[in-house]
Amino acid sequence: MLRYANYDIVFLEVPNEVTLAVNIAGCPRRCRGCHSPHLQEDSGDPLTGNVLSEWLAAYGKAITCVCFMGGDREPEEVLKLAKIVRQYPKKTAWYSGNAVPCEGALPLFDFIKLGHYVDTLGALDSPDTNQRFYSVENGKMIDRTAAFWPH
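All values derive from a computational prediction rather than experimental measurement. (Residues numbered from 1 in each chain as written. Predicted model: local features only at pLDDT ≥ 70, side-chain atom pairs only at ≥ 80, totals over all residues. Heavy atoms only, no water.)

Novice: Tell me what's going on with the overall build of the protein chain, and back it up with residues and numbers.
Specialist: Within the protein chain one finds 2 helices and 8 strands. Secondary structure elements in the protein chain, listed N-terminal to C-terminal, are β-β-β-α-β-α-β-β-β-β. Taken against the 2.2 N^0.38 rule, which gives 15 Å for 151 residues, the C-alpha radius of gyration of the protein chain at 14 Å falls within 12% of a compact globule. Dimensions along the principal axes, computed over C-alpha positions, put the protein chain at roughly 40 × 35 × 30 Å. Going through the 151 residues of the protein chain one by one, you find that 44% of them count as buried. Taking the contacts inside the protein chain whose residues are at least 6 apart along the sequence as the reference set, 51% of them involve residues at least 24 apart. Positive and negative side-chain charges in the protein chain, numbering 15 and 18 respectively, have mean positions lying 4 Å apart. (Helix = DSSP H or I, 4+ residues; strand = E, 2+ residues; numbered from the N terminus. Rg over C-alpha atoms; globule rule 2.2 N^0.38 Å. Buried < 20%, exposed > 50% of the residue type's maximum accessible area, 1.4 Å probe, protein only. Contact = heavy atoms within 4.5 Å. Lys, Arg positive; Asp, Glu negative; His and termini not counted. Charge placed at Lys NZ, Arg CZ, Asp CG, Glu CD.)

Dropping the structure here:
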């Protein structure tokens with residue numbers, strides 16, 4: 001069962017979207033320099049379809065996107081939640097530490113960030129990062145990482 005540590009409305013995780021970002025606990029990765037080490041703990045409240053539906057109803061038109069931050073330990077559960085979001089007029093995003101998307105992810109997401117954090121390379125806002133942010137268009141992943149870089 002997925003658990004979430006917290007959630008917030010954010011503006012930087014998905015360019016040009018007002019995003020409900022859900023921080024999923026129980027991250028199996030132990031990235032050196034992790035900016036959210038509390039998400040490595042197996043704690044938090046259950047992240048169920050009912051909880052997600054309540055948030056979507058409560059925030060309504062105030063958000064344009066839902067981003068799952070983590071969930072690599074139980075990707076099939078993230079896919080189930082993305083299906084719920086698809087029932088609303090919202091975009092979907094997933095920040096995953098995986099190197100490739102899990103099977104079945106592309107039809108359910110508008111955006112996918114892939115790659116674990118490497119502290120010597122930096123996060124998405126670094127041109128040296130190993131992480132990649134993609135938009136999913138017509139079943140293809142288009143690299144949009146440069147949208148995070150200083151211009």
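There's plenty left to go through after this.
Novice: Please give an account of helix H1 (residues 49–59) that cites residues and values.
Specialist: All of the buried residues in H1 are Leu52, Trp55 and Leu56. Along the axis of H1, the buried positions cluster into a sector of 100°, meaning they face one direction only. Facing away from the buried surface of H1 by more than 90 degrees, the exposed residues are Asn50, Glu54, Ala57 and Ala58. Those residues of H1 that are buried lie in contact with strand E1 (3–10), strand E2 (19–24), strand E4 (65–69) and helix H2 (75–85). Looking one or two places after H1, you find glycine 60, whose phi comes out positive at around 45°. (Arc of directions from axis to C-beta.)

Novice: Tell me about the confidence of the model for the protein chain, residues and numbers included.
Specialist: Per-residue pLDDT for the protein chain has a mean of 94; in total, 100% of the residues score no lower than 70. Within the protein chain, E1 has the poorest average pLDDT of any element, 95, and strand E7 (residues 132–137) the best, 98. (pLDDT = per-residue confidence, 0-100.)

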